[in-house]
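An overview of the molecular structure
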Amino acid sequence: MDEIELLREFRAGLPGPRPGSREAARGALVERFEQEEVAPGRPAGLRRRRLLLAAAALACLALAVGLPILLLGGKAEVEPAAAEVLRQAATVARSQPAEPQPGPGQYA
């Protein structure tokens, strides 16, 4: 039994919505969306500027991470102790049982 079935059982004894209430709620929601699309006082290009700013920040991050790798030629020194810890962690992870696949109606 999943959450949707539990909600259906919980609401099984309750009457359904009145005939016009669903359409009225949908109309109010659509009206609200239309008001939000053209909100007064907001610049039209605000979303575009935010996207450009996010893209620029992502490019700077990629450059900060990628530049040292390119300059070192991909050859970085590894501490032997750190490598051993990583090997041990990989061995432990390999010995763990696999997670079961989700069944119908389940999500990972």
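Further up the page is the structure itself.
Please read all numbers here as calculations on a predicted model, not as lab measurements.

**A short note on the overall build of the protein chain**
Each helix and strand in the protein chain was counted, giving four helices and zero strands. Reading the protein chain from its N terminus to its C terminus gives the helix and strand order α-α-α-α. Out of the 108 residues belonging to the protein chain, those deemed buried represent 1%. Accessible surface computed for the protein chain: about 10,600 Å², of which carbon and sulfur atoms make up 63%.

**Quick word on helix α4 (residues 80–95)**
In this model, α4 (16 residues) spans 23 Å end to end at C-alpha, consistent with the 22 Å of a helix rising 1.5 Å per residue. Sparse coverage of α4 is indicated by the burial of one of its 16 residues.

**Thoughts on a nonpolar patch on the surface**
A grouping of Leu 58, Leu 61, Val 65 and Ile 69 is seen on the molecular surface, where their side chains present a nonpolar patch of about 400 Å² in accessible area. Within the secondary structure, Val 65 is located in helix α3 (residues 46–72).

**Structural notes on the pattern of salt bridges**
In the structure shown here, the tally under the stated rule is one salt bridge. In this structure, Glu 84 engages Arg 87 in a salt bridge whose closest nitrogen and oxygen atoms are separated by 3.4 Å. Placement of both Glu 84 and Arg 87 in helix α4 is noted, with a separation of three residues, approximately one turn of the helix. Glu 84 sits in the partly exposed class, given a relative accessible area of 38%.

**Some thoughts on the environment of Ser 21**
Along the chain, Ser 21 falls in helix α2 (residues 21–37). By relative accessible area, which is 26% here, Ser 21 ends up partly exposed. Within the structure, Ser 21 has its side chain in polar contact with the backbone oxygen of Arg 18 (distance 3.0 Å).

Rules used throughout
- Residues numbered from 1 in each chain as written.
- Predicted model: local features only at pLDDT ≥ 70, side-chain atom pairs only at ≥ 80, totals over all residues.
- Heavy atoms only, no water.
- Helix = DSSP H or I, 4+ residues; strand = E, 2+ residues; numbered from the N terminus.
- Buried < 20%, exposed > 50% of the residue type's maximum accessible area, 1.4 Å probe, protein only.
- Areas by Shrake-Rupley, 256 points an atom, 1.4 Å probe, with all protein chains shown as cover.
- Expected span 1.5 Å × (residues − 1).
- Patch = residues over 30% accessible without salt bridge, like charges linked within 9 Å, V, L, I, M, F, W, Y side chains within 5 Å.
- Salt bridge = Lys/Arg side-chain N within 4 Å of Asp/Glu carboxyl O.
- Polar contact = N/O pair within 3.5 Å; in protein donor to acceptor, adjacent residues only side chain to side chain.

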